[in-house]
Amino acid sequence: MTSFASKTFCRVEKLCHYLPVVLNTFLVFSITGEVSYLVMVEAPLEADQKKTVWSTRWKTAHLISQYSMLVNICWNALLFVKTSPSIKGVFLGGENVGQGWRYCYTCETHTPPCSHCYDCKVCVLRRDHHCVFFGQCVGFRNYRYLSCLLFMWTGLLYATLMNAEVFIVILKEGVTVHSILLLLIPWIMLISGQVSARAFAFAFIADTCVVGFLLVSAFFFFHLFLMRGQTTREWYSSRRPYSLGVLGNLYHTLGLRWYICWLCPLIPSPLPGDGISFRVTGSLEPPH
């Protein structure tokens, strides 16, 4: 009985670990599909402009911009999840350890200055926080892939502006109880049979765009603020920032090519300390 309960708990825990990732993926592609529909079918609003050369070029430019943002979001998110920020692979040489190292009783090994994550069950270099939306810790090696926040913020701003038409249609007869309830609780309106599935889908995605934009804006501008030389944990504990100057902070956060790496996740941007090992003196030396 105990074994069955333990296995069930592990399965539920694993499901909960991946559920936010699946939900985020579903919402991102749902918003993309809805905005694509608005661009291809609904816009422009004037019937005499729908089949003009201007309309075709307008739609092409919108679709290229839209799917470029989608590719960047998905690629950055994938690399963020696949890049482990843990101490796995850090080389320990000699019998002693360097200054600032400690023994982690959970990992049962000596570790460089880092923090243990009980969700990832490993020590993480320069741990910022555990991101529940991706099920992964934000740390030294994968921080640069938070560039997806930039494209998520831009994409949600774009989607919110495109969904302005939806809000106009819903509120065209005035601010009524029906229109307010449709915007605030579309699920209840659908279940009670007050609106069609099509109206629900548009209202739900429009609401998701607005709420998502506000949420991502908070995360995006907060992490821009932290680039002064501070992690989320240090900010929460009121520790003073360890600033290396604007350029130094960008270099230690985004890597050598900080000025261009955010444009595409495939652009290599080596971080300070890449390809080196921690030695017994605590200094950084190239591996032999």
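Going by the structure above, here's the rest.
What comes next is a walk through the structure. (Residues numbered from 1 in each chain as written. Predicted model: local features only at pLDDT ≥ 70, side-chain atom pairs only at ≥ 80, totals over all residues. Heavy atoms only, no water.)

**A short note on the pairing of strand S3 (residues 114-117)**
Point 1. The two faces of S3 match: Cys-114 and His-116 on one face and Ser-115 and Cys-117 on the other face are all buried.
Point 2. By the bridge criterion, four bridges tie S3 to strand S4 (residues 122-125) in an arrangement that is antiparallel. Note that in S4 the partner of Cys-117 across the bridge is Val-122.
Point 3. Joining the antiparallel neighbours S3 and S4 is a turn of four residues, in which Lys-121 adopts a positive phi near 60 degrees. (Buried < 20%, exposed > 50% of the residue type's maximum accessible area, 1.4 Å probe, protein only. Helix = DSSP H or I, 4+ residues; strand = E, 2+ residues; numbered from the N terminus. Pairing = 2+ DSSP bridges.)

**Points about the nonpolar core**
A general feature of soluble globular proteins is that nonpolar side chains tend to end up buried together.
Point 1. Ile-31, Val-35, Phe-80, Phe-134, Val-138, Leu-146 and Tyr-158 are the most contacted members of the largest nonpolar core, which totals 27 residues.
Point 2. It is helix H3 (residues 148-162) that contributes the most residues to this core, seven residues altogether.
Point 3. Setting aside anything within four residues of it in sequence, one finds Tyr-158 in contact with Val-35, Val-39, His-62, Gln-66 and Met-69.
Point 4. In this structure, Leu-38, Leu-182, Phe-200 and Ala-206 belong to the second largest nonpolar core, which totals 12 residues. (Core = buried A, V, L, I, M, F, W, Y, C linked by side-chain atoms within 4.5 Å. Contact = heavy atoms within 4.5 Å.)

**Things to note about the environment of Leu-27**
Point 1. Structurally, the position occupied by Leu-27 is in helix H1 (residues 2-42).
Point 2. Each C-alpha atom, one on Leu-27 and one on Thr-208, is 8.2 Å from the other, the two residues being 181 residues apart in sequence.
Point 3. If near-sequence neighbours (up to four positions away) are discounted, Leu-27 is found in contact with Phe-204 and Thr-208.

**Some thoughts on helix H5 (residues 177-184)**
Helical geometry note: an α-helix holds 3.6 residues per turn, so side chains three or four residues apart project in the same direction.
Point 1. Those residues of H5 lying buried are Ser-179, Leu-182 and Leu-183. Down the axis of H5, the buried set is contained in an arc of 95 degrees. They therefore lie on one face. Of the exposed residues in H5, those oriented more than 90 degrees away from the buried face are Val-177 and Leu-184. (Arc of directions from axis to C-beta.)

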